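Coordinates in review
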Amino acid sequence: QVQLVESGGGLVQAGGSPRLSCVASEFNNYPMGWFRQAPGKEREFVSAITWSGGSTFYADSVKGRFTISRDNVNTVNLQMNNLEREDTAVYYCAADPEGDYKLPTSWAYWGQGTQVTVSS
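Residues numbered from 1 in each chain as written. Predicted model: local features only at pLDDT ≥ 70, side-chain atom pairs only at ≥ 80, totals over all residues. Heavy atoms only, no water.

1. Describing the overall build of the protein chain
Where we set the bar: Strands here are runs of E lasting at least two residues and helices are runs of H or I lasting at least four, both read from the DSSP assignment and numbered beginning at the N terminus. A simple rule labels every residue: compare its accessible area, found with a 1.4 Å probe on the protein chains alone, to the largest value its type can have, and call it buried under 20%, exposed over 50%, or partly exposed in between. In this analysis, two residues are considered to be in contact whenever any of their non-hydrogen atoms come within 4.5 Å of each other. For accessible areas, the Shrake-Rupley method is used with a probe of radius 1.4 Å. Any residue's cover is judged against the shown protein chains and nothing else. Counted charges follow a simple rule, with Lys and Arg positive, Asp and Glu negative, and His plus the chain ends left uncounted. Charge placement uses NZ in Lys and CZ in Arg. For Asp and Glu, CG and CD serve respectively.
Tallying secondary structure elements over the protein chain gives 0 helices and 11 strands in all. When the backbone C-alpha atoms are referred to their principal axes, the protein chain occupies close to 40 × 30 × 25 Å. When burial is assessed residue by residue, the protein chain has 44% of its 120 residues classed as buried. For the protein chain, restricting intrachain contacts to residue pairs at least 6 apart in sequence, the fraction spanning at least 24 positions comes to 56%. Accessible surface, the protein chain: about 6200 Å² in total, of which carbon and sulfur atoms supply 46%. Of the charged side chains in the protein chain, 9 are positive and 12 negative; the average position of the first set lies 6 Å away from that of the second.

Here you go:
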């Protein structure tokens, strides 16, 4: 059972550039990804990266502002730039997708989430 632990959230001013990290508890050759869930909304896909780091995927809403990267097979980062109030959400790390990677139900493992709040 892979455990995922996120870090790096908090209160950020609009336009800020926080970096989220996610560490897996064991050797992990799975694709990994990030989702977010704002109050009253469904969990939505943000970004994903293959196990090698060779391919990355982004939601249209964050493309050009967020960058996903992989330090090693167990650690994935999400560099968020030029944050907007609409980016306020709990951000979740996920691993091991099967099927449509944009669907939360496709992912086997989840972290507990880290809150990102963007203030104007």
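There's more to say after this.
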